[in-house]
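Survey of secondary and tertiary structure
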Amino acid sequence: GQYSNFLEAVRGIAAQPGGLSTFYLGFWTTVAREIPFSFIQFPMYEGLKKAWARRQGAETTPMQGAVCGSLSGSVAAALTCPLDVVKTRLQTQHLVAAPLVAAPPPAAAHAAAA
């Protein structure tokens, strides 16, 4: 990697233009992504647990709770993925000047030209 240990990374990042604020690149986009994710995931998680408990007539087990959490987290992640992409691009845009859209694979480009 670029740094050999944690302290070296902290010093190196803090020494960049922007100083300590560099550690907070993308903070507001992270918040903008996290709020909708949480608004989807937590109510869905609680709703799934309540429905499962009601259906079986007993509280959910830890494993059942984990299944509910996995399902609700997957749905929330799928729905907020575009926000996560924006967040990641904003946080890493200074590292590489990459295009926003990937180029088509060579076979697709060749077929389109034909």
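These remarks concern the structure in this document. (Residues numbered from 1 in each chain as written. Predicted model: local features only at pLDDT ≥ 70, side-chain atom pairs only at ≥ 80, totals over all residues. Heavy atoms only, no water.)

Here we look at the pattern of salt bridges
For the coordinates displayed, the defined rule picks out 3 salt bridges. Here E34 and R33 are joined by a salt bridge, their closest N and O atoms 2.9 Å apart. Classification of E34 by relative accessible area gives partly exposed; the value is 33%. Of the charged contacts in the structure, one is a salt bridge between K87 and D84, with a shortest N-O distance of 3.6 Å. With a gap of 3 residues between them, K87 and D84 both fall in helix α3 (residues 62-92), about one helical turn apart. The exposure class of K87 is buried, given its relative accessible area of 11%. The exposure class assigned to D84 is partly exposed, which follows from its relative accessible area of 26%. (Salt bridge = Lys/Arg side-chain N within 4 Å of Asp/Glu carboxyl O. Buried < 20%, exposed > 50% of the residue type's maximum accessible area, 1.4 Å probe, protein only. Helix = DSSP H or I, 4+ residues; strand = E, 2+ residues; numbered from the N terminus.)

Examining the packing of aromatic side chains
Any pair of aromatic rings gets described here by the distance separating the centres and the angle formed by the planes. Considering all chains together, one arrives at 1 aromatic pair under this definition. For the ring pair F27 and W28, a centre distance of 4.8 Å and an interplane angle of 80° mean the geometry is edge-to-face. (Phe/Tyr/Trp six-rings, centres within 6.5 Å; stacked < 30°, edge-to-face > 60°.)

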